[in-house]
Amino acid sequence: NAGVTQTPKFQVLKTGQSMTLQCAQDMNHNSMYWYRQDPGMGLRLIYYSASEGTTDKGEVPNGYNVSRLNKREFSLRLESAAPSQTSVYFCASSEGGGSTDTQYFGPGTRLTVL
Amino acid sequence: AQRVTQPEKLLSVFKGAPVELKCNYSYSGSPELFWYVQYSRQRLQLLLRHISRESIKGFTADLNKGETSFHLKKPFAQEEDSAMYYCALRTGGNQFYFGTGTSLTVIP
(Lines give C-alpha, C1' and ligand atoms only; values in the text may rest on other atoms or scores of the structure.)
Protein backbone atom coordinates (compact mmCIF):
# COMPACT_ATOMS: atom_id res chain seq x y z
CA ASN A 1 0.00 0.00 0.00
CA ALA A 2 2.02 2.96 -1.31
CA GLY A 3 -0.58 5.64 -0.55
CA VAL A 4 -0.06 8.65 -2.82
CA THR A 5 2.80 8.50 -5.28
CA GLN A 6 4.15 11.29 -7.47
CA THR A 7 6.49 11.29 -10.42
CA PRO A 8 8.97 12.70 -11.06
CA LYS A 9 10.61 13.71 -7.77
CA PHE A 10 12.67 16.45 -9.41
CA GLN A 11 12.44 18.24 -12.74
CA VAL A 12 14.22 21.14 -14.40
CA LEU A 13 12.54 22.82 -17.36
CA LYS A 14 13.36 25.69 -19.62
CA THR A 15 10.87 28.50 -20.05
CA GLY A 16 8.24 27.50 -22.58
CA GLN A 17 8.67 23.76 -22.21
CA SER A 18 5.76 21.59 -21.24
CA MET A 19 5.50 18.71 -18.83
CA THR A 20 3.02 16.60 -16.93
CA LEU A 21 3.26 15.75 -13.26
CA GLN A 22 1.78 12.40 -12.42
CA CYS A 23 -0.07 11.41 -9.26
CA ALA A 24 -1.63 8.11 -8.31
CA GLN A 25 -3.29 6.79 -5.18
CA ASP A 26 -4.14 3.25 -4.17
CA MET A 27 -6.57 4.00 -1.37
CA ASN A 28 -9.70 4.04 -3.55
CA HIS A 29 -10.22 7.69 -2.70
CA ASN A 30 -12.77 9.77 -4.53
CA SER A 31 -11.13 13.17 -4.24
CA MET A 32 -7.70 14.28 -5.40
CA TYR A 33 -5.88 17.60 -5.18
CA TRP A 34 -2.88 19.46 -6.55
CA TYR A 35 -1.09 22.06 -4.45
CA ARG A 36 1.97 24.18 -4.89
CA GLN A 37 4.19 25.21 -2.02
CA ASP A 38 6.28 28.35 -2.21
CA PRO A 39 8.47 29.90 0.47
CA GLY A 40 6.42 32.15 2.69
CA MET A 41 3.18 31.23 0.92
CA GLY A 42 2.21 27.93 2.44
CA LEU A 43 0.31 25.46 0.28
CA ARG A 44 -2.04 26.81 -2.33
CA LEU A 45 -4.64 24.71 -4.08
CA ILE A 46 -4.24 24.63 -7.86
CA TYR A 47 -7.00 22.22 -8.90
CA TYR A 48 -9.00 19.51 -7.30
CA SER A 49 -11.18 16.66 -8.39
CA ALA A 50 -14.04 15.86 -6.06
CA SER A 51 -14.77 12.63 -7.88
CA GLU A 52 -13.82 10.75 -11.00
CA GLY A 53 -14.82 12.74 -14.03
CA THR A 54 -14.93 16.14 -12.34
CA THR A 55 -12.31 18.83 -11.86
CA ASP A 56 -12.52 22.28 -10.33
CA LYS A 57 -10.24 25.26 -10.07
CA GLY A 58 -8.59 26.06 -6.81
CA GLU A 59 -6.94 29.24 -5.66
CA VAL A 60 -4.16 29.44 -8.29
CA PRO A 61 -5.20 27.58 -11.49
CA ASN A 62 -3.69 29.88 -14.11
CA GLY A 63 -1.04 28.21 -16.25
CA TYR A 64 -2.11 24.69 -15.35
CA ASN A 65 -4.42 22.02 -16.63
CA VAL A 66 -5.46 18.78 -14.98
CA SER A 67 -6.83 15.44 -16.01
CA ARG A 68 -8.56 12.94 -13.78
CA LEU A 69 -7.65 9.96 -15.87
CA ASN A 70 -9.47 7.46 -13.70
CA LYS A 71 -10.20 7.06 -10.02
CA ARG A 72 -6.54 6.40 -9.21
CA GLU A 73 -4.75 9.01 -11.28
CA PHE A 74 -4.77 12.80 -11.38
CA SER A 75 -2.22 14.57 -13.56
CA LEU A 76 -1.14 18.19 -13.64
CA ARG A 77 0.10 19.70 -16.90
CA LEU A 78 2.14 22.80 -17.51
CA GLU A 79 1.68 23.70 -21.18
CA SER A 80 4.27 26.46 -21.32
CA ALA A 81 6.35 26.60 -18.18
CA ALA A 82 7.31 29.95 -16.68
CA PRO A 83 9.88 30.76 -13.96
CA SER A 84 6.97 31.75 -11.69
CA GLN A 85 5.96 28.09 -11.70
CA THR A 86 9.15 27.07 -9.94
CA SER A 87 7.78 25.42 -6.83
CA VAL A 88 7.25 22.20 -4.95
CA TYR A 89 4.09 20.45 -6.09
CA PHE A 90 2.10 18.17 -3.83
CA CYS A 91 -0.66 15.82 -4.75
CA ALA A 92 -3.16 14.68 -2.15
CA SER A 93 -6.18 12.43 -1.99
CA SER A 94 -9.10 11.91 0.36
CA GLU A 95 -12.23 9.84 0.58
CA GLY A 96 -14.17 12.96 -0.28
CA GLY A 97 -16.75 14.93 1.62
CA GLY A 98 -17.79 14.77 5.20
CA SER A 99 -16.41 16.59 8.17
CA THR A 100 -14.02 13.75 9.00
CA ASP A 101 -12.42 13.69 5.55
CA THR A 102 -8.62 13.41 5.74
CA GLN A 103 -6.19 14.36 3.02
CA TYR A 104 -3.18 12.12 2.41
CA PHE A 105 -0.24 13.76 0.75
CA GLY A 106 2.36 12.56 -1.70
CA PRO A 107 6.09 13.19 -1.28
CA GLY A 108 6.15 16.17 -3.63
CA THR A 109 7.78 17.11 -6.94
CA ARG A 110 10.40 19.84 -6.93
CA LEU A 111 10.16 21.76 -10.20
CA THR A 112 12.60 24.40 -11.37
CA VAL A 113 11.87 26.50 -14.45
CA LEU A 114 14.87 28.34 -15.84
CA ALA B 1 -7.67 37.44 0.27
CA GLN B 2 -5.70 35.47 2.76
CA ARG B 3 -8.03 33.23 4.64
CA VAL B 4 -5.64 31.61 7.10
CA THR B 5 -3.00 33.50 9.02
CA GLN B 6 -0.21 31.98 11.03
CA PRO B 7 1.67 34.96 12.43
CA GLU B 8 4.76 33.08 13.60
CA LYS B 9 7.13 31.68 10.99
CA LEU B 10 9.47 30.35 13.65
CA LEU B 11 8.81 29.32 17.22
CA SER B 12 11.29 27.92 19.71
CA VAL B 13 10.43 26.54 23.12
CA PHE B 14 12.30 24.52 25.70
CA LYS B 15 11.45 20.90 26.31
CA GLY B 16 8.73 20.64 28.92
CA ALA B 17 7.46 24.17 28.34
CA PRO B 18 3.97 24.89 27.04
CA VAL B 19 3.61 25.65 23.37
CA GLU B 20 0.95 27.52 21.44
CA LEU B 21 0.90 27.89 17.68
CA LYS B 22 -1.45 30.60 16.55
CA CYS B 23 -3.92 30.39 13.70
CA ASN B 24 -6.56 32.91 12.68
CA TYR B 25 -8.97 32.51 9.82
CA SER B 26 -11.33 34.56 7.74
CA TYR B 27 -14.46 32.91 6.41
CA SER B 28 -18.08 33.99 6.40
CA GLY B 29 -19.51 30.48 6.38
CA SER B 30 -19.25 27.63 8.82
CA PRO B 31 -15.53 26.79 8.99
CA GLU B 32 -13.86 23.43 9.15
CA LEU B 33 -10.37 23.76 10.53
CA PHE B 34 -7.42 21.44 10.62
CA TRP B 35 -3.84 21.28 11.78
CA TYR B 36 -1.35 19.48 9.55
CA VAL B 37 2.22 18.62 10.51
CA GLN B 38 5.30 17.83 8.49
CA TYR B 39 8.15 16.17 10.36
CA SER B 40 11.63 16.24 8.89
CA ARG B 41 11.84 14.05 5.76
CA GLN B 42 8.24 12.94 6.12
CA ARG B 43 5.07 13.77 4.27
CA LEU B 44 2.57 16.33 5.33
CA GLN B 45 -0.04 14.61 7.51
CA LEU B 46 -3.15 15.48 9.41
CA LEU B 47 -2.60 16.19 13.09
CA LEU B 48 -6.11 17.02 14.18
CA ARG B 49 -9.39 18.55 13.07
CA HIS B 50 -11.67 20.79 15.06
CA ILE B 51 -14.78 18.75 14.45
CA SER B 52 -13.36 15.78 16.29
CA ARG B 53 -12.40 17.74 19.39
CA GLU B 54 -9.61 15.26 19.90
CA SER B 55 -6.18 15.33 21.48
CA ILE B 56 -3.44 13.92 19.31
CA LYS B 57 0.11 13.49 20.63
CA GLY B 58 -0.89 15.76 23.50
CA PHE B 59 -1.97 18.58 21.17
CA THR B 60 -5.38 20.18 21.31
CA ALA B 61 -6.98 23.00 19.39
CA ASP B 62 -10.22 24.81 20.11
CA LEU B 63 -12.20 26.67 17.54
CA ASN B 64 -13.07 30.14 18.80
CA LYS B 65 -15.58 31.59 16.38
CA GLY B 66 -15.72 34.92 18.18
CA GLU B 67 -12.01 35.45 17.74
CA THR B 68 -11.89 33.44 14.48
CA SER B 69 -8.98 31.48 15.88
CA PHE B 70 -7.90 27.85 16.03
CA HIS B 71 -4.72 27.88 18.08
CA LEU B 72 -2.78 24.66 18.62
CA LYS B 73 -1.63 23.97 22.17
CA LYS B 74 0.39 21.46 24.10
CA PRO B 75 1.12 21.77 27.80
CA PHE B 76 4.57 20.14 27.75
CA ALA B 77 6.59 20.23 24.55
CA GLN B 78 8.73 17.27 23.56
CA GLU B 79 11.74 17.18 21.24
CA GLU B 80 9.83 14.99 18.78
CA ASP B 81 7.31 17.81 18.36
CA SER B 82 9.86 19.77 16.33
CA ALA B 83 8.27 20.09 12.89
CA MET B 84 6.49 22.39 10.50
CA TYR B 85 2.86 23.00 11.40
CA TYR B 86 0.18 24.22 9.02
CA CYS B 87 -3.29 25.42 9.87
CA ALA B 88 -5.87 24.76 7.15
CA LEU B 89 -9.41 25.92 6.46
CA ARG B 90 -11.85 23.95 4.40
CA THR B 91 -14.67 25.85 2.75
CA GLY B 92 -17.55 24.54 0.71
CA GLY B 93 -16.79 22.33 -2.27
CA ASN B 94 -13.58 20.82 -0.99
CA GLN B 95 -11.58 24.02 -1.22
CA PHE B 96 -8.72 24.06 1.25
CA TYR B 97 -6.71 27.09 2.31
CA PHE B 98 -3.47 26.62 4.16
CA GLY B 99 -1.57 29.07 6.29
CA THR B 100 2.07 29.82 5.65
CA GLY B 101 3.20 27.47 8.39
CA THR B 102 5.07 27.71 11.68
CA SER B 103 8.36 25.94 12.18
CA LEU B 104 8.49 24.69 15.76
CA THR B 105 11.80 23.86 17.39
CA VAL B 106 11.85 22.24 20.81
CA ILE B 107 15.15 22.88 22.53
CA PRO B 108 16.42 20.02 24.71
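Each remark here, short or long, concerns the structure printed above.
For every chain, the first residue of its written sequence is number 1, and the numbers climb from 1 along that sequence. Each chain takes a letter, starting from A, and each ligand takes a number, starting from 1, following the order in which they are written. In view of the model being predicted, local features appear only for residues whose pLDDT reaches at least 70, and side-chain atom pairs are presented and counted only at 80 or more, with totals across whole chains, interfaces and linings using the full set of residues. Calculated side-chain values reflect all of the structure's heavy atoms, with hydrogen atoms and water omitted.

Caption draft 1: Examining the state of the cysteines more closely. Throughout, a disulfide means two cysteine sulfur atoms within 2.5 Å of one another. One pass over the structure, following the stated rule, counts 2 disulfides over all chains. The disulfide partner of A:Cys23 is A:Cys91, and the gap between their sulfur atoms is 1.8 Å. Torsion about the S-S bond of the A:Cys23 and A:Cys91 cystine: about -75°, corresponding to left-handed handedness. In this pair, A:Cys23 sits in strand E3 (residues 19-25) while A:Cys91 sits in strand E9 (residues 87-94), placing the two residues 68 residues apart along the sequence. Accessibility classification places A:Cys23 together with A:Cys91 in one group, the buried group. Between the sulfur atoms of B:Cys23 and its disulfide partner B:Cys87 the distance amounts to 2.0 Å. Because the torsion about its S-S bond is -65°, the bridge between B:Cys23 and B:Cys87 counts as left-handed. Under the DSSP-based scheme used, a helix requires at least four consecutive residues in state H or I and a strand at least two consecutive residues in state E, with every element numbered from the N terminus. Only protein chains enter the accessibility calculation, which uses a 1.4 Å probe; a residue is then buried when its area is under 20% of its type maximum, exposed when over 50%, and partly exposed in between.

Caption draft 2: Structural detail: the sheet that holds strand E7 (residues 65-68) of chain A. Residues and elements named next belong to chain A. Strand pairing is assigned whenever DSSP detects at least two bridges linking the two strands. Read across the sheet, 4 strands follow the order E1-E3-E8-E7 without closing on themselves; strand pairing throughout is antiparallel. Taken across any chain shown, the strands that pair with only one partner, and hence form the sheet edges, are strand E1 (4-7) and E7. Taken over all neighbouring pairs, the strand axes of this sheet differ in orientation by 15° on average, direction set aside. Relative to strand E8 (residues 74-78), E3 runs antiparallel, the two being bridged by 3 bridges. Paired with Met19 across the two strands is Leu78, which belongs to E8. To define axes, lines are fitted to C-alpha atoms, for helices over the stretch in contact only, and angles between the resulting N-to-C directions are given on a 0 to 180 degree scale.

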